[in-house]
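Each chain is listed here by its residues.
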Amino acid sequence: MAGQKQVTVSKGNIMQWIEDYHWMIETIKESEVEEIATALPVAKVAGYGIEATMPKASGGVSDPVFYEVNRRTQYGGLRILQYKRKVSEVQKRICFVEGDREQEVLFRLLNGDSLRAVGRAMQLSGQTISRIRERIIDMMLEQK
């Protein structure tokens, strides 16, 4: 695993990862769909008729889709790997969260809801939701 950064688990990191969890999962899913799509064989069409005899462009590939796939493959792989590590750290700690309120708040936060939206849905103040979030993070960090 040379060259791979390990994620540091701290209170601030866990808080940020919970906040970012929803979009990181979506990005990971999107990248996996792209990987499957690029792994599928591409049908080659033989040139027939007058098009087959026409001169071909020289000087490399000028396909913008090719360049975009190449860019995502080069730079996206490491980024997606980091997202997977962060998501995994959160997922490993979900089982340590006890209490119905805490589990409901965590579930809603992982779904991408804001603290205000969670408070509205659960009919609790923003301050109460913030305290519950602090307890959730403490529970997640107690178990290492």
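Residues numbered from 1 in each chain as written. Predicted model: local features only at pLDDT ≥ 70, side-chain atom pairs only at ≥ 80, totals over all residues. Heavy atoms only, no water.

## A look at the packing of helix 5 (residues 115–122) against helix 6 (residues 126–142)
Put simply, the rule is: Note on geometry: axes are lines fitted to C-alpha atoms, helical ones only across the stretch in contact, with angles between N-to-C directions running from 0 to 180 degrees. Each helix corresponds to a stretch of at least 4 residues labelled H or I by DSSP, and each strand to a stretch of at least 2 residues labelled E; elements are numbered beginning at the N terminus. Orientation categories follow fixed angle ranges, with anything under 35 degrees roughly parallel, anything over 145 roughly antiparallel, 65 to 115 roughly perpendicular, and all other angles oblique. The criterion used for residue contact is that any of the two residues' heavy atoms lie within 4.5 Å. Residues were grouped as follows: Ala, Val, Leu, Ile, Met, Phe, Trp, Tyr, Cys and Pro as nonpolar; Asp, Glu, Lys and Arg as charged; and all remaining residues, including Gly, as polar.
Relative to each other, helix 5 and helix 6 sit at 110°, their axes nearing to 9 Å. As the angle between them shows, helix 5 and helix 6 are arranged roughly perpendicular. Counting all contacts with helix 5, which are made through Leu 115, Val 118, Gly 119 and Met 122, the residues of helix 6 involved are Ile 129, Ser 130 and Arg 133. Among the residues forming the contact of helix 5 with helix 6, the class breakdown is four nonpolar, two polar and one charged.

## A look at the nonpolar core
One recurring pattern in soluble globular proteins: nonpolar side chains tend to sit buried together. Applied cut-off: In this description, a nonpolar core means a group of buried Ala, Val, Leu, Ile, Met, Phe, Trp, Tyr and Cys residues linked to one another through side-chain atoms lying within 4.5 Å. Accessibility here uses a 1.4 Å probe with only protein chains present; expressed as a share of the type maximum, an area under 20% marks a residue as buried, one over 50% as exposed, and anything in between as partly exposed.
Within the largest apolar cluster, 26 residues are counted, with the highest numbers of intra-cluster contacts made by Ile 14, Ile 18, Val 90, Val 105, Leu 106, Ile 136 and Met 140. Among the secondary structure elements, those contributing two or more residues to this core are helix 1 (11–39), helix 3 (64–93), helix 4 (100–110), helix 5 and helix 6. Look past the residues within four positions of Ile 14 in its chain and what remains in contact with it is Val 9, Arg 93, Ile 137, Met 140 and Leu 141.

## Some details on the packing of helix 4 against helix 5
Put simply, the rule is: Left-handed describes a crossing in which the near helix is turned anticlockwise from the far one by less than a right angle; the clockwise case is right-handed.
Viewed as axis vectors pointing N to C, helix 4 and helix 5 meet at an angle of 135°, and their least axial separation amounts to 10 Å. As far as their axial angle goes, helix 5 and helix 4 are oblique. When the axes of helix 4 and helix 5 are compared, the crossing they make is right-handed. The residues of helix 5 that touch helix 4, namely those facing Arg 101, Glu 104, Val 105, Arg 108 and Leu 109, are Leu 115, Val 118, Ala 121 and Met 122.

## Comments concerning the pattern of salt bridges
Keep this limit in mind: In the sections that follow, a salt bridge refers to a side-chain nitrogen of Lys or Arg positioned within 4 Å of a carboxyl oxygen of Asp or Glu.
Under the criterion given, the structure shown has seven salt bridges. Salt-bridge contacts for Lys 11 lead to Glu 134; the nearest nitrogen and oxygen are separated by 3.0 Å. Of the two residues, Lys 11 sits in helix 1 while Glu 134 sits in helix 6, which places them 123 residues apart along the sequence. Look at Glu 134 and you get partly exposed, because its relative accessible area is 27%. A salt bridge links Glu 89 to Lys 92, with the nearest nitrogen and oxygen atoms 3.1 Å apart. Of this pair, Glu 89 and Lys 92 are both found in helix 3, three residues apart, which corresponds to roughly one turn of the helix. For Lys 92, a relative accessible area of 47% translates into the label partly exposed.

## Regarding the environment of Ile 28
With respect to the secondary-structure elements, Ile 28 resides in helix 1. Considering only alpha carbons, one finds Ile 28 and Arg 79, 51 residues apart in sequence, at a separation of 9.6 Å.

## Some details on the side chain of Arg 133
Stated precisely, the cut-off is as follows: Charge assignment: positive for Lys and Arg, negative for Asp and Glu; neither His nor the chain ends contribute.
Turning to its location among the elements, Arg 133 is positioned in helix 6. One buried charge, Arg 133, has no salt-bridge partner; the nearest side chain with opposite charge is Glu 134, at 4.6 Å. Each residue touching Arg 133, except ones within four places of it in the same chain, is listed here: Met 15, Leu 109 and Leu 115.

## Some details on the confidence of the model for the protein
Our working definition: Each residue carries a pLDDT score, the predictor's own confidence in it, on a scale running from 0 to 100.
Mean pLDDT for the protein: 83, with 74% of residues reaching 70 or above. Within the protein, helix 4 carries the highest mean pLDDT (96), whereas helix 2 (residues 50–53) carries the lowest (67).

## Examining the environment of Val 118
Checked against the element boundaries, Val 118 lands in helix 5. Distance in space between the C-alpha atoms of Val 118 and Leu 106 is 9.5 Å, their sequence separation being 12 residues. With sequence-adjacent residues up to four places away left out, Val 118 is seen in contact with Val 105, Arg 108, Leu 109, Asp 113 and Ile 129.

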